[in-house]
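Architecture at a glance
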Amino acid sequence: MSHGNRRTRPPVVTGIGVVAPNGVGAETFWKSTVEGISALDRVTREGCGHLPLRVAGEVRGFDPESTVEQRFLVQTDRFSHFAMAAADLALADAHISGGAYDETPYAVGVVTAAGSGGGEFGQRELQRLWGQGSTYVGPYQSIAWFYAASTGQISIRGGFKGPCGVVASDEAGGLDALAHAAGAVRRGTDTVIVGAAEAPLAPYSIVCQLGYRELSTCDDPDRAYRPFTANACGFVPGEGGAMLVVEDDEAARGRGARIRATVAGHAATFTGASRWEESREGLARAIRGALDAAGCSPEEIDVVFADALGLPEADRAEALAIADALGAHGSRVPVTAPKTGTGRAYCGAPLLDTAAAVLALEHGLVPPTPHVFDVCHDLALVTGTARPAELRTALVLSRGLMGSNSALVLRRGADTP
C-alpha cells in the first residue's frame, strides 16, 4: 500500500515488550535497570551444572503456559516463547488489541533477529533420535530450532500477513532487524512488530559458546562481566530480549497512539570475527553513517548505550571508535551499558538496550552500568546510580562476535514531556 509522502516520515516506536533477567514487562525492566539491579547469578538451567560457564543472566519465574497457547508451546522453543510473550506485551503497550488488524492483515509485518535459534528443543529431539530412534522425534523438530521460528509464530498467532523477515546474524543483527522494520514502514507498511529474544542457556548451546574466547567463565557474579575496567575478562551470556511496535508516524497519530521515540538513523559495517582492534574503524564508520542517516551532528547525541563486550582490546576499540566518530564530544557524553546487569543476550541484547534507550529518553535518566566502578578508558561511563540528564537523542551500539558493527540513532518521541 502507498501513503503519499510517508517515505519522508521517520518510523516511530509506539510499544515496548520486554522479557529479561531483571524483569518481565517494560515497567519492571526499567525500574530494575534504572536502579542498577543485577540479575547475574549462578547458572541453574537443567543439564548445565557440570559446564565451565558458571554465571549468566537467566529469565527466572517465566511461565510460558500463562502467556502462550498450548498448541504453540508444543511446537516452539524457549527463545520463541520469550519472543511471543514480548510481542504480546509490546502490542498491549501500543494499545493494539486482538483483532485490530483483522480487516487489514497485510498492513502488519513481523521481523525478528536470531543468532542461535532453538537449541534446547533441537537438543532434546536429537537425543531422542539417537537414544530411542527416529519414531520418537516430534514433527516440529524441523521448525522449532529454525532461526525464523519466532517471526513465523508471531505472524501466525496474530494473523499478520505484511512483510515478514528474519535477520540471522550475530549480536548486531538485533539493530539490523530494527532497521529492516523501519525500512518496511518507510516503504508503506503501517506497522511492524520487531525485535529479538534468545535462549542460549541449554547444554548444547553453552558448549557451542565455550569456543568463544570472549566468553567469561569467572564464577563470581560481581566480577564476571566488567567491561571498560582493567579486570575485564569477557562477557556473560543472558536470556531474553525485547519486541517493539514500530509504526508509520501518520498511521500511529491517526489512531491516537503515543509516540515514544522515532527511529532516526541506522548504519552497519563488517570487520570480521574477533578482529577487535579493526572494529574501531568499522564501528566508527557505522556511527557516522547512522548520524548521517538521521541528519544528526555528533554534538546532538545525549547518551550512548555501549556494546561493552568486556574484553580489553574490544573495549579499547569501542572507546576509541566513539571518540573517532563523536570527536571531543565523545569524552563528555554519558555512556552506559546496563547489559552488565542482565548478561549479553546475543541478538536480544541491543533490543534490550534500545528499549532502555527509549525509556531513558522518556524519563530523562541515564541508567548505571552494574558491577563497573574503576573505568580505565576515556569515557564518561555512568556507574553507581542513574544520572539525570536532558535527553533528546540516543545512540545505541552493537558489535557481534562474527564481526558485524551496527549503530542506531533514536530521538525522543514528540509525545514525551
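Here, every reference points to the structure presented above.
Structure report, in brief. (Residues numbered from 1 in each chain as written. Predicted model: local features only at pLDDT ≥ 70, side-chain atom pairs only at ≥ 80, totals over all residues. Heavy atoms only, no water.)

With respect to the overall build of the protein
Looking only at helices and strands, the protein has 12 helices and 16 strands in total. Taking 22 Å as the expected radius of gyration for a compact globule of 417 residues, we find that the protein reaches 20 Å, a close match to that expectation. In terms of overall dimensions, the protein has a C-alpha envelope of 65 × 55 × 35 Å along the principal axes. When burial is assessed residue by residue, the protein has 61% of its 417 residues classed as buried. Considering only contacts within the protein whose residues lie at least 6 apart along the sequence, 80% involve residues at least 24 apart. For the protein, the computed accessible surface area is about 15600 Å², with 51% contributed by carbon and sulfur atoms. Taking the average place of the 36 positive charges on the side chains of the protein and the average place of its 47 negative ones, the gap between the two points comes to 2 Å. (Helix = DSSP H or I, 4+ residues; strand = E, 2+ residues; numbered from the N terminus. Rg over C-alpha atoms; globule rule 2.2 N^0.38 Å. Buried < 20%, exposed > 50% of the residue type's maximum accessible area, 1.4 Å probe, protein only. Contact = heavy atoms within 4.5 Å. Areas by Shrake-Rupley, 256 points an atom, 1.4 Å probe, with all protein chains shown as cover. Lys, Arg positive; Asp, Glu negative; His and termini not counted. Charge placed at Lys NZ, Arg CZ, Asp CG, Glu CD.)

Some details on the environment of A356
Inspection of the secondary structure puts A356 in helix α12 (residues 348-363). Between the C-alpha atoms of A356 and W30, which are 326 residues apart in sequence, the distance is 6.7 Å. Those residues in contact with A356 that lie beyond four places of it in its chain are F29, W30 and F305.

Focus: the pairing of strand β7 (residues 191-198)
Here β7 lies mainly inside the structure; 8 of its 8 residues are buried. In β7, alternate side chains face the same way, and those of T191, I193, G195 and A197 on one face and V192, V194, A196 and E198 on the other are all buried. Where strand β5 (residues 108-114) and β7 come together, 6 bridges link them in parallel fashion. Its bridge partner being in β7, V108 is matched across the sheet by T191. The pairing of β7 with strand β8 (residues 240-247) spans 8 bridges and is antiparallel. Directly across from T191, in β8, lies its bridge partner E247. (Pairing = 2+ DSSP bridges.)

Section: the nonpolar core
I287, I301, V304, L326, L395 and L397 are the most contacted members of the largest nonpolar core, which totals 50 residues. Counting residues per element, this core draws most heavily on helix α10 (residues 279-294), which supplies 7 residues. (Core = buried A, V, L, I, M, F, W, Y, C linked by side-chain atoms within 4.5 Å.)

Here's the deal with a nonpolar patch on the surface
Residues V74, Y140 and I143 make up a contiguous nonpolar surface patch of about 220 Å² in total accessible area. Take Y140: it is sitting in the loop between α4 (119-132) and α5 (141-144). For Y140, a relative accessible area of 30% corresponds to the partly exposed category. (Patch = residues over 30% accessible without salt bridge, like charges linked within 9 Å, V, L, I, M, F, W, Y side chains within 5 Å. Salt bridge = Lys/Arg side-chain N within 4 Å of Asp/Glu carboxyl O.)

Topic: the packing of helix α3 (residues 78-93) against helix α6 (residues 149-158)
Helices that pack against each other are described as a pair by the angle of their axes relative to one another and the distance between those axes. Two elements in contact, α3 and α6, have axes whose closest approach is 9 Å; the angle formed by their N-to-C orientations is 40°. What the angle tells us is that α3 and α6 run oblique. For the element pair α3 and α6, the recorded crossing hand is right-handed. Residue-level contacts link F79, S80, A83, M84, A87 and D88 of α3 to A149, S150, Q153, I154 and R157 of α6. Taken together, the residues of the contact of α3 with α6 sort by class into 6 nonpolar, 3 polar and 2 charged. (Axes fitted to C-alpha atoms, helices over the stretch in contact; angles between N-to-C directions. Parallel < 35°, antiparallel > 145°, perpendicular 65-115°, else oblique. Left-handed = near helix turned anticlockwise from the far one by under 90°. Nonpolar A, V, L, I, M, F, W, Y, C, P; charged D, E, K, R; others polar.)

Observations regarding the packing of aromatic side chains
Considering all chains together, one arrives at 4 aromatic pairs under this definition. By way of ring pairs, the aromatic residues W145, F146 and Y147 are connected into one cluster. Positioned over the ring face of F121 is R124, at 4.5 Å from the centre of the ring. Directly above the ring of F72 sits R157, whose terminal nitrogen or CZ lies 5.8 Å from the centroid. (Phe/Tyr/Trp six-rings, centres within 6.5 Å; stacked < 30°, edge-to-face > 60°. Lys NZ or Arg CZ within 6 Å of the ring centre and 35° of its normal.)

Quick look at helix α1 (residues 26-34)
Every buried residue of α1 is listed here: A26, F29, W30, S32, T33 and V34. Tucked inside the fold, the buried residues of α1 contact β1 (12-20), β2 (23-24), α12 and β12 (365-366). The first or second residue beyond α1 is G36, which carries a positive phi of 70°.

A closer look at the pairing of β8
Of all 8 residues making up β8, 8 are buried, and the element is well covered by its neighbours. Residues G240, A242, L244 and V246 point to one face of β8 and G241, M243, V245 and E247 to the other, with burial holding for every one of them. The pairing of β1 with β8 spans 7 bridges and is antiparallel. Bridge pairing in β8 links G15 to V245.

Side note on the side chain of S398
Inspection of the secondary structure puts S398 in strand β15 (residues 393-399). Judged by its relative accessible area of 2%, S398 falls in the buried class. Only 3.5 Å separates the side chain of S398 from the backbone nitrogen of A172, close enough to count as a polar contact. Dropping the residues within four chain positions of it, S398 is found in contact with E171, A172, L175, L283, D307, P350, S404, N405 and S406. (Polar contact = N/O pair within 3.5 Å; in protein donor to acceptor, adjacent residues only side chain to side chain.)

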